[in-house]
Amino acid sequence: MTPAVASRRLALVAGLLGAAAAPACSRREPPPPPPAAAAAPAEAPGEGERSPAVSRVEREGLSIAFELRPLTGAGDRPEARTDATAVFTITDAATGAPARDLGPLAWMSRRAGAPPDDAGCQDKIKSFMAGLIAVRPEVDMNAYLLWTQNQDNTLSVINPQLAFNRSKLRSIVTLAAGSTSLALHPDGDRLYVTLQSGRGLAIVDTRRSLVAANVPVGADPMRVAVAPDGRTVWVGNDGDGTVTVVDARAASVLKTLRAGPGHHEIAFSGGGRTAWITSRDASTVTAVDAVTLEPVAEIEIGQGAAAVAASDAAGAVYVANQPRGEIVILDAGRRAVAGRVAVKAGVDAVGFEPGGRFAFALNPAKGEVSILDASTGSLAHTLPGFASPDALAFTKTYAYVRNLGESRISLIDLPSLERPGKPAVVEVQVGQQPPRAAKGPRSAAPFAVLPDGNGAIVANPADKVLYYYVEGLMAPMGTLSNYGREPRAALIEDRSLKEVQPGVYAATVRLGDEGVHDVELLLRGRRVAACLEATVAPSAVPAEDRSPGLTVEPLFDAGADLEVSKPATLRFRATPKGSAPPLEAKEMKVMIFRFPVGFRDTVQPRAEPDGAFSVTFTPPEPGQYRFLLAAESRNAPLGALPFVDLHASTGAAPDAGGAR
């Protein structure tokens, strides 16, 4: 984000807080019985044992309660002992009716003295919204991360919310081979990535930014899809005509299905009860019971299926047949062909908008987008003027179409589809080069829709940049660097508060140190700010388990000056405690940032022949920097180990950053 954008964001925060009445602070009190309207149903996150006390306050006619609930269903995972579900229950103070659609933002910060007054609470919220690394909360309930699939064997993890002009890179995940596609688990804690060169399916732990497992699948895995219930992962193996079904949690193969030769696409209908598999070089579509994993139908449609999409609202499955130039409509209930709609040869992608009524079919060869109305099973619009449209995504308001041959995206207004006349199309210039200028295979997922649903982050591999676009603007709001890597696909892992039932907003959080914490809350929907509190109990994890499982010894002279614009090799030793196995470079990440705010970069260290590790750092400008090491797999998240101060200036000694 540019400095001007950051300034506008801070001004917006100030406006929200200025418009709100003075925030209220509260102390914990025994929880009164919750009103019936706000009672949590059985399926609500964190159901079960409640925390011993609830922090409660009334504000602007709203009753706001906060509590930390034990994380249920977590088994004996060590990290579960420090995880909890943060829950805000917000109701009308007079009637007890749930208060909906409030758009809450919330943080927890360890209390250093007396509870904050009104001005102190506002100041904390402003500083947290600014995203400054020098002023960070212990718990951020608003976080979302951007994951990019790169042209090499890496995934980038980027925090798009930090208000830095420079680095937002959080970490790099190194895979066993180059990747072909990726899909996120509905819970957001696992990312599934198909790999080239016979390396199978990588399962990435998103909380630790590490590859947790590699699962062997079939030959040449390409498409990956997670079932809506999150129980299974489906991998299309283009090299041997099969689809591998993997247990999403156990990381084991459940079944291998014969699906026909050629490229496979996968869609789900009936709330995920049926999986539909296409094979480009076969003449049939296979329907599979997603529970028993048994094929239940093979439907003849003709050779050349290029894409498939399902709509439960329409009870239909649409298959794009590329050489025939038609959309085959399947009745999902009867598992039979219900109709065929002629478009043009070359149709290569199909997708339903969120309402499930209109289907969009992209034709890169003809430069057209065809829009079909599922309520009539007919072609509603044909829109020309696109430059090889090949990828599609949706918000509530627009269909986003990538133009492969030009550096622009086209936004098709969804509400206009129900009005007479031609749908409205907005053209937005995104980048300098057309995506086609990037060499290598292209992804069908260059759009990462923002959690608020009002924009998207757009990956342009030719520019090696990600563009941050917010609806209503005629150009991207800012850019995110991918540090020389080509971002081919992008998706967002949303860790923010969600309204899990009317008036109940929850998020899973990783708790910090024990003690009293202030809970800062901003309700964007009502422009209300409030301060509550929570007590983090002593961890159930023994003290020896909570301490970092390694020691770090810098092998560079921290007191020497580094030279601006000159690469310096920073060597260090990382030694595990006790009888733990030796550390590997892939377990660690190093963050170097300019203190108190400015440049920030996170990299994976290299293993050295003598057992040490190293990173290369090029100071961009004079000033003080800090070197931090993290190894979450060894109980050492970022900040758990002591930092090392660095200093950079112009004309420093040539060997300032060298090893000793």
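Further up the page is the structure itself.
Presented here is a report on the structure given in the accompanying data block. (Residues numbered from 1 in each chain as written. Predicted model: local features only at pLDDT ≥ 70, side-chain atom pairs only at ≥ 80, totals over all residues. Heavy atoms only, no water.)

Some details on the environment of Gly-200
Residue position: Gly-200 is located in the loop between β12 (190-195) and β13 (201-205). Those residues in contact with Gly-200, other than ones at most four positions away along the chain, are Val-193, Thr-194, Leu-195, Val-215, Val-217 and Pro-221. (Helix = DSSP H or I, 4+ residues; strand = E, 2+ residues; numbered from the N terminus. Contact = heavy atoms within 4.5 Å.)

Re the sheet that holds strand β20 (residues 274-279)
Reading across the sheet, the 4 strands line up as β19-β20-β21-β22 and stay open at both edges, with antiparallel pairing between neighbours. A single partner strand is all that each edge strand has here, and the edge strands are β19 (264-269) and β22 (295-300). Across the sheet, the mean angle separating the axes of adjacent strands is 20 degrees when strand polarity is ignored. (Pairing = 2+ DSSP bridges. Axes fitted to C-alpha atoms, helices over the stretch in contact; angles between N-to-C directions.)

With respect to the environment of Val-319
On the secondary structure map, Val-319 appears in strand β24 (residues 316-321). Taking the C-alpha atoms as reference points, Val-319 and Leu-330, separated by 11 residues in sequence, lie 7.9 Å from one another. In this view, Val-319 contacts Thr-278, Val-285, Ile-301, Ala-305, Ala-307, Val-308, Glu-326, Ile-327, Val-328 and Leu-330; residues no more than four positions away in its chain are not counted.

Focus: the nonpolar core
Counting residues in hydrophobic clusters, the biggest one holds 28 residues, and the most contacted among them are Ile-64, Phe-66, Phe-88, Ile-90, Met-108, Met-141 and Leu-532. Among the elements of the structure, β4 (62-70), β5 (83-92), β6 (104-110), β41 (504-510), β42 (515-523) and β43 (528-536) are those that each provide at least two residues to this core. Top contributing element to this core by residue count: β43, with 5 residues. In this structure Ile-90 touches Leu-62, Ser-63, Ile-64, Pro-98, Ala-99, Leu-102, Gly-503, Tyr-505 and Leu-523, once residues within four positions along its chain are discounted. Counting 26 residues, the second largest nonpolar core, distinct from the first, contains Leu-583, Phe-599, Phe-613 and Ala-631. (Core = buried A, V, L, I, M, F, W, Y, C linked by side-chain atoms within 4.5 Å. Buried < 20%, exposed > 50% of the residue type's maximum accessible area, 1.4 Å probe, protein only.)

Comments concerning unusual backbone geometry
Of note, Asp-220 is a non-glycine position whose phi angle comes to about 55 degrees, a positive value. Here Asp-220 lies in the loop between β14 (210-215) and β15 (221-226). Residue classification places Asp-220 among the partly exposed residues on the basis of a relative accessible area of 45%. Non-glycine residue Ala-251 carries a positive phi angle of around 55 degrees. Within the fold, Ala-251 resides in the loop between β17 (242-247) and β18 (253-258).

Structural notes on the packing of aromatic side chains
Under the counting rule described, the total for this entry stands at 11 aromatic pairs. Taking 5.7 Å as the distance between ring centres and 40 degrees as the angle between the ring planes, the aromatic pair formed by Trp-107 and Phe-128 counts as tilted. Taken together, the positions of Trp-107 in strand β6 and Phe-128 in helix α2 (residues 118-130) put the pair 21 residues apart, joining distant regions of the chain. Under the relative-accessibility criterion, Trp-107 is labelled buried at 2%. Three or more aromatic residues link up through ring pairs in this structure, and these residues are Phe-556, Phe-572, Phe-613 and Phe-627. (Phe/Tyr/Trp six-rings, centres within 6.5 Å; stacked < 30°, edge-to-face > 60°.)

Here we look at the sheet that holds strand β48 (residues 600-603)
To summarise the sheet geometry, strands pair through backbone hydrogen bonds and adopt either a parallel or an antiparallel arrangement. Pairing is mixed across the open sheet formed by 5 strands, whose spatial order is β45-β52-β51-β47-β48. Two strands lie at the open edges of the sheet, namely β45 (561-563) and β48, each paired on one side alone. Going across the sheet, the axis of each strand differs from the next one's by a mean of 30 degrees, ignoring polarity. As paired elements, strand β51 (residues 623-630) and strand β52 (residues 644-649) share 5 bridges and run antiparallel to each other. If you follow Phe-627 over to β52, its bridge partner there is Val-644.

Quick notes on the pattern of salt bridges
Tallying each qualifying case throughout the model produces 32 salt bridges. In this structure, Lys-344 engages Glu-368 in a salt bridge whose closest nitrogen and oxygen atoms are separated by 2.8 Å. Of this pair, Lys-344 sits in the loop between β26 (336-342) and β27 (349-352) while Glu-368 sits in strand β29 (residues 368-373), and the two are 24 residues apart along the sequence. Judged by relative accessible area, which is 38%, Lys-344 ranks as partly exposed. Between Glu-621 and Arg-594 there is a salt bridge, with the nearest N and O atoms lying 3.8 Å from each other. Here Glu-621, found in the loop between β50 (613-617) and β51, pairs with Arg-594, found in strand β47 (residues 589-594); they are 27 residues apart in sequence, far enough to count as distant. By relative accessible area, Glu-621 is classed as partly exposed at 29%. Overlapping salt bridges, with partners in common, bring together Arg-111, Lys-124, Asp-518, Glu-520 and Glu-533 in one network. (Salt bridge = Lys/Arg side-chain N within 4 Å of Asp/Glu carboxyl O.)

Here we look at the side chain of Asp-189
Take Asp-189: it is sitting in the loop between β11 (179-184) and β12. A relative accessible area of 17% places Asp-189 in the buried class. Beyond its immediate sequence surroundings of up to four residues, Asp-189 is in contact with Val-204, Asp-205, Thr-206, Arg-207 and Arg-249.

Digging into the state of the cysteines
Scanning the entire structure with this criterion turns up 1 disulfide. Between Cys-121 and Cys-531 runs a disulfide, and the two sulfur atoms are separated by 1.8 Å. Judged by the sign of its S-S torsion, about 110 degrees, the bond between Cys-121 and Cys-531 is right-handed. Here Cys-531 lies in strand β43 and Cys-121 lies in helix α2, a separation of 410 residues in the sequence. (Disulfide = S-S within 2.5 Å.)

Examining the pairing of β5
Burial runs high along β5: 9 of the 10 residues are buried. Bridge count for β4 against β5 is 9 bridges, and the pairing is antiparallel. Bridging across to β5, Glu-67 finds its partner in Val-87. In this sheet, β41 lies alongside β5 in antiparallel orientation, the contact comprising 7 bridges. Bridge pairing in β41 links Ala-86 to Ala-507.

Points about the pairing of strand β40 (residues 498-501)
Sheet topology places β40 next to β41; 3 bridges connect them, and they run antiparallel. Within the sheet, the bridge partner assigned to Lys-498 lies in β41 and is Ala-506.

Quick notes on the side chain of Ser-109
Its place among the elements puts Ser-109 in strand β6. Judged by its relative accessible area of 6%, Ser-109 is buried. Engagement of the side chain of Ser-109 in a polar contact is seen with the side chain of Lys-124, the distance being 2.8 Å. Not counting chain neighbours up to four residues away, the residues in contact with Ser-109 comprise Lys-124, Phe-128, Glu-138, His-517, Asp-518 and Glu-520. (Polar contact = N/O pair within 3.5 Å; in protein donor to acceptor, adjacent residues only side chain to side chain.)

Shape descriptors only; they carry no functional weight alone.
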